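Structure at a glance
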Protein chains: 2
Amino acid sequence: MIDQLVAKIQKTEAPIVVGLDPQLKFIPQQILKKAIGEQGETLEAAAQAILTFNKGIVDAVADLVPAVKPQIAMYEQFGVPGVKAFKKTVDYCHKKGLIVIGDVKRGDIGSTSGAYAAAHLGTVRIGSKTIAPFDEDFATVNPYLGSDGINPFIDVCRDHNKGIFILVKTSNPSSGEFQDRLVDGKPLYEEVGRRVSQWGAVCYGDSGYSEVGAVAGATYPEMGKALRRLMPKTFILVPGYGAQGGRGKDLVHFFNDDGLGAIINSSRGIIAAWQKDPYLDFGAEGYGDAARAAVLDMKQDIREALD
Amino acid sequence: MIDQLVAKIQKTEAPIVVGLDPQLKFIPQQILKKAIGEQGETLEAAAQAILTFNKGIVDAVADLVPAVKPQIAMYEQFGVPGVKAFKKTVDYCHKKGLIVIGDVKRGDIGSTSGAYAAAHLGTVRIGSKTIAPFDEDFATVNPYLGSDGINPFIDVCRDHNKGIFILVKTSNPSSGEFQDRLVDGKPLYEEVGRRVSQWGAVCYGDSGYSEVGAVAGATYPEMGKALRRLMPKTFILVPGYGAQGGRGKDLVHFFNDDGLGAIINSSRGIIAAWQKDPYLDFGAEGYGDAARAAVLDMKQDIREALD
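Structure report, in brief. (Residues numbered from 1 in each chain as written. Chains lettered and ligands numbered in written order. Predicted model: local features only at pLDDT ≥ 70, side-chain atom pairs only at ≥ 80, totals over all residues.)

**Things to note about the overall build of chain A**
Applicable threshold: Only DSSP runs of H or I with at least four residues qualify as helices, and only runs of E with at least two residues qualify as strands; both kinds are numbered from the N terminus onward. To assign burial, the other C-beta atoms lying within 10 Å of each residue's own C-beta are counted, with C-beta atoms placed from the backbone; 20 or more indicates buried, 12 or fewer indicates exposed, and intermediate counts indicate partly exposed. Each residue gets a C-beta atom placed from its backbone, and two residues are in contact if those atoms lie within 7 Å.
A count of helical and extended segments in chain A gives 13 helices and 12 strands. When its C-alpha atoms are laid out on the principal axes, chain A stretches across 60 × 55 × 35 Å. For chain A, buried positions account for 61% of its 307 residues. Long-range pairs, those at least 24 residues apart, make up 71% of the contacts in chain A between residues at least 6 apart in sequence.

And the structure:
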């Protein structure tokens, strides 16, 4: 799957992933009102509003970017109907030709990680049938439990042509509390990065990159630089651009000299662009066009930084 | 919620939680066949079989134990219908008077952790309505992202009388890869334990224990001993008993001198007891009775160890 991602990044000339993290406050009133009108003030209404909103965003940006990253927490908060909207979002994005990175940050002991891997990237067997439950293309995974929690994901990646991104250095302000602590004189995130690189050695694609990628936040560019050197064949998913403070110039060191090796996520900065300068003129009805304009601006920002 | 848990442990005299982790191979053929007969070879059939199986277990053990711990991965692997079965399991256990620990191991950056906390322990607002999406009583949480990922859960715990158990030292073989690494001369899990204790200081119950608990595996009794000393007011959820190798005598040091402070989980050892010695005589039809017998044996094993 990493080869498909690389090919789509090259085709779109956009190392960009749009984060589909639809909080209700980002959704135009007309969509929310219609959903509540049809479903009442229910979880189903929230789920319907999310899905409608997502389709508008996806329709507006699908030709510009290689991938989307739905954050499952934003769906799970609306219960079973929300999870159903997550699945429908995955399917809709696939129909539009997009690669889907499920931002699920799962991770558990062996057999349980196996179940999560089957859920999001693999298949389950029921009687004589084989079914892919959520069927994302990539998933994000938490490393705290070590190899036992990671290997079941890697097995599924190899069997089903899928990939993962393992949390190494997250974008949030307190990520250093544990991740930056020194272990044998080196920060823990570097130790995790080294392991990610080792785990990934069993599944390189033709592109030279591994199906096992890493997450490292745009908000910590110097650490990204160190990780880039440490894991040359590891693709880095970089959150934290835009709303969290990361800028194009911060991103240069996450890329390899071939201009590849990283994909930058923006969520709020794109899907809620219609609520913010300089996109206010698009209005609520034009939220999709505002998202498109924000993607184009982000693309230019990154290209200028890389040039 | 920690006070309710303590009270129920005292009432049942069983510091035991039954892990509802229903893999299909644990489910008697008659249940699975009936579900497939009614639903075809579908995710819905797996979900129906899980729910039927769970009800049989819960009916058989509800008077013996204070709590159950459904592992959401085992439901998520059956897609949206599986997640629906998870929610129905939570509701059924509540109806039977059990405390529900959602083993979800979520954790993310601030706003996203807030969404997970709302999903599992809190409420969401849709129009003028407030709805509790999954409504477990406790959830397990991953600490890798630091305070930003934990505080939104603590806020929800305080607002809604709920609790969490944060992963400190997990029960799996490779848990030491990162958790045992030395940070300032102390293993990382101790550092996490210290933080858990600090996080928990804002929400002690009348029992003297905090709404913020810890997870530490029965498979590492010496480490449990160290953590017990380090976090005297932290309740410890202890997985790894039974199938993973932990035994009653390993558990003593997870408890405080008051005989409280820990709750021991067994999953396979109870729900799949009917497939194993010495419970084979119960047969597939008697899987609930086998589970009940296994709980009684576990209770005795722990009581003997504590006495």
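**Comments concerning the sheet that holds strand S7 (residues 163-169) of chain A**
All names here are of chain A. Here is the rule we go by: We call two strands paired when DSSP finds no fewer than two bridges between them. Every angle, taken between N-to-C directions, lies between 0 and 180 degrees, and every axis is a line fitted to C-alpha atoms, over only the stretch in contact when it is a helix.
Overall, parallel pairing links the 8 strands, which are arranged S1-S2-S3-S6-S7-S10-S11-S12 in a closed barrel. Strand-to-strand, the axes of this sheet are offset by a mean angle of 30°, without reference to chain direction. Together, strand S6 (138-141), S7 and strand S10 (212-216) form the strand contacts of helix H7 (residues 147-160), whose direction differs from that of S7 by roughly 150°.

**Some points on the interface of chain A and chain B**
To keep things clear, this is the line we draw: When residue character is reported, Ala, Val, Leu, Ile, Met, Phe, Trp, Tyr, Cys and Pro are called nonpolar, Asp, Glu, Lys and Arg charged, and the others, Gly included, polar.
Residue-level contacts link 57 residues of chain A with 57 residues of chain B. Among the elements that line the side of chain A that touches chain B, the one with the most residues is helix H6 (residues 110-120) of chain A, at 6 residues. Along the lines of polarity and charge, the residues of the side of chain A that touches chain B split into 29 nonpolar, 17 polar and 11 charged.

**A few points about unusual backbone geometry**
Residue Pro-278 of chain A is reached from Asp-277 of chain A by a cis peptide bond, and omega for that bond is 0°. Position of Pro-278 of chain A relative to the elements: it lies in the loop between helix H12 (268-271) and helix H13 (287-306). The phi torsion at Asp-135 of chain A lies on the positive side, around 60°, for a residue other than glycine. Structurally, Asp-135 of chain A is set in the loop between strand S5 (129-131) and S6. Of note in this structure, Lys-105 of chain B is not a glycine but carries a positive phi near 45°. Along the chain, Lys-105 of chain B turns up in strand S3 (residues 99-106). Taking the number of C-beta atoms within 10 Å as the measure of exposure, Lys-105 of chain B has 29 and is therefore buried.

**Regarding the environment of Ala-291 of chain B**
All names here are of chain B. Of note, Ala-291 is situated in helix H13 (residues 287-306). On the basis of neighbour count, Ala-291 is assigned to the buried category, with 27 C-beta atoms found within 10 Å. Spatially, the C-alpha atom of Ala-291 lies 9.5 Å from that of Val-18, the residues being 273 residues apart in sequence. Excluding residues that lie within four positions of it along the chain, Ala-291 makes contacts with Ile-57, Ala-60, Val-61, Ile-270, Ile-271 and Ala-273.

**Comments concerning the relation of the copies chain A and chain B**
The test is simple: Here the copies are superposed with least squares, the fitted atoms being C-alpha atoms of residues at a pLDDT of at least 70 in both.
Expressed as a screw operation, the relation of chain A to chain B combines 0.0 Å of axial shift with a rotation of 180°, fitting to an RMSD of 0.0 Å. Interpreted geometrically, this transformation is the action of a two-fold axis. No C-alpha of chain A lies nearer the rotation axis than that of Val-183 of chain A, which sits 2.7 Å from it. The overlap is high: 100% of the interface residues of chain A also sit at the interface in chain B, so the same surface is used on both sides.

**What to know about H13 of chain B**
Residues and elements named next belong to chain B. Put simply, the rule is: To estimate how far a helix should extend, the number of its residues minus one is multiplied by 1.5 Å.
Helix length check: H13, at 20 residues, gives a terminal C-alpha distance of 28 Å against a target of 28 Å (1.5 Å per residue), a fit within 8%. Three or more residues of H13 are buried, namely Tyr-287, Gly-288, Ala-290, Ala-291, Arg-292, Ala-294, Val-295, Met-298 and Ile-302. Each element contacted by the buried residues of H13 is listed here: strand S1 (16-20), helix H3 (43-61), helix H11 (248-251), strand S12 (262-266) and helix H12 (268-271).

**Some words on the packing of helix H6 (residues 110-120) of chain B against helix H7 (residues 147-160) of chain B**
Residue and element names in this part refer to chain B. Cut-off, in case you're wondering: Helix crossings fall into two classes, left-handed where the near helix is turned counterclockwise from the far one by less than a right angle and right-handed where it is turned clockwise.
Orientation of H6 relative to H7, taken along the N-to-C sense of each, is 35°, at an axis distance of 8 Å. Note on packing geometry: the crossing formed by H6 with H7 is right-handed. Contacts from Gly-110, Ser-113, Gly-114, Ala-117 and Ala-118 of H6 reach H7 at Asp-148, Gly-149, Pro-152, Phe-153 and Val-156. Looking at the contact of H6 with H7 residue by residue, the classes come out as 5 nonpolar, 4 polar and 1 charged.

**Let's talk about helix H10 (residues 221-230) of chain A**
Residues and elements named next belong to chain A. Counted only if it meets this: It is the directions from the helix axis to the C-beta atoms that the arc portrays.
Buried within H10 are the following residues: Met-223, Gly-224, Leu-227 and Arg-228. In a view along the axis of H10, the buried residues occupy a sector of 145°, so they form one face of it. Turned more than 90 degrees from where H10 packs its buried face, Glu-222 and Arg-229 sit exposed. On its buried face, H10 is in contact with S7, helix H9 (188-199), S10 and strand S11 (236-238).

**Thoughts on the pairing of strand S7 (residues 163-169) of chain B**
All names here are of chain B. For clarity, the cut-off: When the strands point away from the viewer and the path from the first strand over the helix to the second turns clockwise, the crossover is right-handed.
Counting buried positions along S7 gives 7 out of 7 residues, so the element sits mostly inside the fold. Examined bridge by bridge, strand S6 (residues 138-141) and S7 share 4 bridges and lie parallel to one another. Residue Ala-139 lies in a different strand from S7, and its bridge partner there is Ile-164. Between the parallel pair S6 and S7, the chain is carried across by H7, and the sense of this crossover is right-handed. Judged from the 5 bridges that link them, S7 and strand S10 (residues 212-216) form a sheet pairing that is parallel. Across the sheet, residue Lys-169 finds its bridge partner in S10, namely Ala-216.

**Observations regarding the environment of Arg-106 of chain A**
All names here are of chain A. Positionally, Arg-106 belongs in strand S3 (residues 99-106). With 134 residues separating them in the primary sequence, Arg-106 and Gly-240 have C-alpha atoms 20 Å apart. In contact with Arg-106, not counting residues within four places along its chain, are Tyr-116, Ala-139, Val-141 and Asn-142.

**Quick word on the environment of Leu-32 of chain A**
Residues and elements named next belong to chain A. Here Leu-32 shows up in helix H2 (residues 29-39). Placed 14 residues apart in sequence, Leu-32 and Ala-46 show a C-alpha to C-alpha distance of 7.3 Å. If sequence neighbours within four positions are ignored, Leu-32 has contacts with Leu-24, Ile-27 and Ala-49.

**What to know about the pairing of S3 of chain A**
All names here are of chain A. With 8 of 8 residues buried, S3 lies mostly within the body of the structure. With 2 bridges joining them, strand S2 (residues 67-70) and S3 adopt parallel strand pairing. Note that in S3 the partner of Ala-67 across the bridge is Ile-99. Where S3 lies against S6, 3 bridges are found, and the strand directions are parallel. Counted as the bridge partner of Gly-102 is Ala-139 from S6.

**Points about the sheet that holds S12 of chain B**
Residue and element names in this part refer to chain B. Read around the closed barrel, 8 strands run S1-S2-S3-S6-S7-S10-S11-S12, paired in parallel fashion. Averaged over neighbouring strand pairs, the angle between their axes works out to 30° when direction is ignored. Looking at chain direction, S10 and strand S11 (residues 236-238) are connected through 2 bridges and run parallel. Each residue of the ladder has a partner; that of Ala-214, found in S11, is Ile-236. Running over the sheet, helix H9 (residues 188-200) touches S7 and S10 and is turned about 160° from S7.

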